[in-house]
Amino acid sequence: MSYHGPLFTWCNRRDAGLISKKLDRVLKNIRWDQAFPVPYSVFEAGGCSDHLQCRVRLEAEQEKGKKPFKFINAVTELAEFLPMMETFCGNTQPIYSSTSSMFRLAKKLKALKPSIRSLAKNILGNLSKKAKEAYEILCEKQSVNALNPSLQNVEEEISAYRRWDSISKLEKKFLKQRSKVHWLQIRDGNNKTFHKAVVSREATNSIREIKRRDGMVVTSADEIKAEAAGFFSKLLDTEASAQRIGYHPKCQNLGLTHLSFADDIMVLSDGKVRSVEGIVKVSNDFVRISGLKISMEKSTIYLAGVTDLVRTELDERFHFQTGHLPVRYLGLPHLTKQMRKQDYLPLLEKCRKRIRSWSVRSLSIAGWLQLIRSVLHSIMNFWMAGF
C-alpha cells in the first residue's frame, strides 16, 4: 500500500552504530483493492516505541475534475476508425496552405475529439469485462463442440475464438499504454499484471494528504499544490538567508530568490558555483522529502557577467542546458532595461513573414486592411501587453 511519512520507520536509538530501517509496511491483496480502491497509510511518531505508528485511511477524497483527452492507440486498429475519419473529413472543409492553416487544423482536430472519445467509450469501455465474457463464451462453445461435434458448432467455436482474440489483444494494448511499463513486451500477456501496474503506478505517484507548517493536515489537491510550492520557496529562502545561495545583484535589496510562472520556476542567483550548488541541494532536499523530482535535463541555466572559467566549471559539474540571453518566455523576451532596436527584430521579422505570405494573393484594399487589423495588430498588441 502506498504510504506517506518518513523514509525510515525504525531506529535502534544508539549513540554508536546508529541504524535506521524501513521495517514497517502495510500489505494488501487484490480483494482489498476491489473493496477499497484508493487507500493509503501514514506513518507518524509513535511516542515511547522505537517504531513509528501507522494510520490507515480507507476512503480518500477524490476530486473528480474534467478529464483531459487521451488518445488511445488501440482505436486506430478498430474497423470503425477509418470510416469515421472519412466521414468527418468529408463533412468538413478541406485545409489549404494559407496563413491560418495551422489554426484551422487545430480547430479541426479539436472538433474530432468527441467522435474519437465516443468510439473509444463504446468499444473499449469495460474492456476487461468484455474480454472475460468473450472467454467464457469461447469455453462454452468449446465444451459444446467437444460433446457434439458438428460443422455448425465448429464455426461457432471459431467465431467465438476470433472475437475473444480480438478483444484480448485490444485489452493488452490498452492496459500496456496505461501502465507505461515497457518491459511487459518481453513478458507473458497476463492482464492482471498490466492492471496491477496501472493501479500501483497511480497509487505511488499520488499524494493524498500533507501536513502544513501549522500542523493542519490538508487533503484537497489545490491545497496540496499550494503547500508544496510554498515549501519549495521556503527552502530557497532559507538557503539564501544562510548565504549558501547568493542573491542576484538586482534582487538583493528585495530579498528575491525566485519567480513562478504557471508550472515553471525561475531561480535567481549571483551565478557563483557555490550558489548553484545550493540550488541543487534545495532540489535534492525537496526530492528526499516530497518525492517530486525536478528534471535537471529539462532545466536551463542562463549566465551573465561571469568569467569563462566559471562557465566551464558549471558545464562540467552540472547537467544543465546552457541558454542565451535575452530569455524568451511565452514568445516574449524578458529584459531588465528598456528594449533596444535589435530586441524588436523578432517582432519585425514575424510581421515580414506574414506580409510576404499575403503578397501572392489577389486582395483588395479592404482585404489588406482587414488582414492588418486582425493579424498584425494582434501580434503587436500581444507584445505590448507584456511590457
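The structure contained in this document is the topic of the report that follows. On a predicted model such as this, the values are computed, not experimentally measured, just so you know.

**Describing the packing of aromatic side chains**
- All told, the structure shown has seven aromatic pairs when counted by the stated rule.
- Ring centres of Tyr3 and Phe43 lie 5.8 Å apart, and the angle between their planes is 80°; on these two criteria the pair is classed as edge-to-face. Of this pair, Tyr3 sits in strand E1 (residues 3-4) while Phe43 sits in strand E4 (residues 40-44); the two residues are 40 residues apart in sequence, bridging distant segments of the chain.
- Among the residues examined, Tyr3 registers a relative accessible area of 32% and is labelled partly exposed.
- For Phe43, a relative accessible area of 5% translates into the label buried.
- Between Tyr161 and Trp164, the aromatic rings sit 6.0 Å apart at their centres with planes inclined by 45°, giving tilted as the arrangement. Of the two residues, Tyr161 and Trp164 both sit in helix H5 (residues 151-179), three residues apart, roughly one turn of that helix.
- The exposure class of Tyr161 is partly exposed, given its relative accessible area of 44%.
- Three or more aromatic residues joined by ring pairs form one cluster here, namely Tyr135, Tyr161 and Trp164.

**Notes on a positive patch on the surface**
- Together, Lys107, Lys110, Lys113 and Arg117 line one region of the surface with positive charge.
- Inspection of the secondary structure puts Arg117 in helix H3 (residues 101-124).
- On the basis of relative accessibility, which here comes to 42%, the residue Arg117 falls in the partly exposed class.

**Quick notes on the environment of Ala228**
- Structurally, the position occupied by Ala228 is in helix H7 (residues 221-241).
- Exposure remark for Ala228: the relative accessible area of 18% places this residue in the buried category.
- Along the primary structure Ala228 and Ile210 are separated by 18 residues, whereas in three dimensions their C-alpha atoms are 8.7 Å apart.

**Considerations on the nonpolar core**
- Of all hydrophobic cores here, the largest spans 19 residues; its most connected members are Ile72, Val75, Leu119, Leu124, Leu127 and Leu170.
- Of all the secondary-structure elements, those providing two or more residues to this core are helix H2 (81-91), H3, helix H4 (127-147) and H5.
- With five residues, the top contributor of residues to this core is H3.
- Each residue touching Ile72, except ones within four places of it in the same chain, is listed here: Ala120, Leu124, Phe174 and Gln177.

**Here we look at the packing of H2 against H3**
- Their axes nearest at 11 Å, the elements H2 and H3 cross at an angle of 145°. The handedness of the crossing between H2 and H3 is right-handed. Packed against H2, whose contacting residues are Phe81, Met84, Met85 and Phe88, the element H3 presents Lys108, Ala111, Leu112, Ser115, Ile116 and Leu119 at the interface.
- Residue composition of the contact of H2 with H3, grouped by class: eight nonpolar, one polar and one charged.

Basis of the calculations
Residues numbered from 1 in each chain as written. Predicted model: local features only at pLDDT ≥ 70, side-chain atom pairs only at ≥ 80, totals over all residues. Heavy atoms only, no water. Phe/Tyr/Trp six-rings, centres within 6.5 Å; stacked < 30°, edge-to-face > 60°. Helix = DSSP H or I, 4+ residues; strand = E, 2+ residues; numbered from the N terminus. Buried < 20%, exposed > 50% of the residue type's maximum accessible area, 1.4 Å probe, protein only. Patch = residues over 30% accessible without salt bridge, like charges linked within 9 Å, V, L, I, M, F, W, Y side chains within 5 Å. Areas by Shrake-Rupley, 256 points an atom, 1.4 Å probe, with all protein chains shown as cover. Salt bridge = Lys/Arg side-chain N within 4 Å of Asp/Glu carboxyl O. Lys, Arg positive; Asp, Glu negative; His and termini not counted. Charge placed at Lys NZ, Arg CZ, Asp CG, Glu CD. Core = buried A, V, L, I, M, F, W, Y, C linked by side-chain atoms within 4.5 Å. Contact = heavy atoms within 4.5 Å. Axes fitted to C-alpha atoms, helices over the stretch in contact; angles between N-to-C directions. Left-handed = near helix turned anticlockwise from the far one by under 90°. Nonpolar A, V, L, I, M, F, W, Y, C, P; charged D, E, K, R; others polar.

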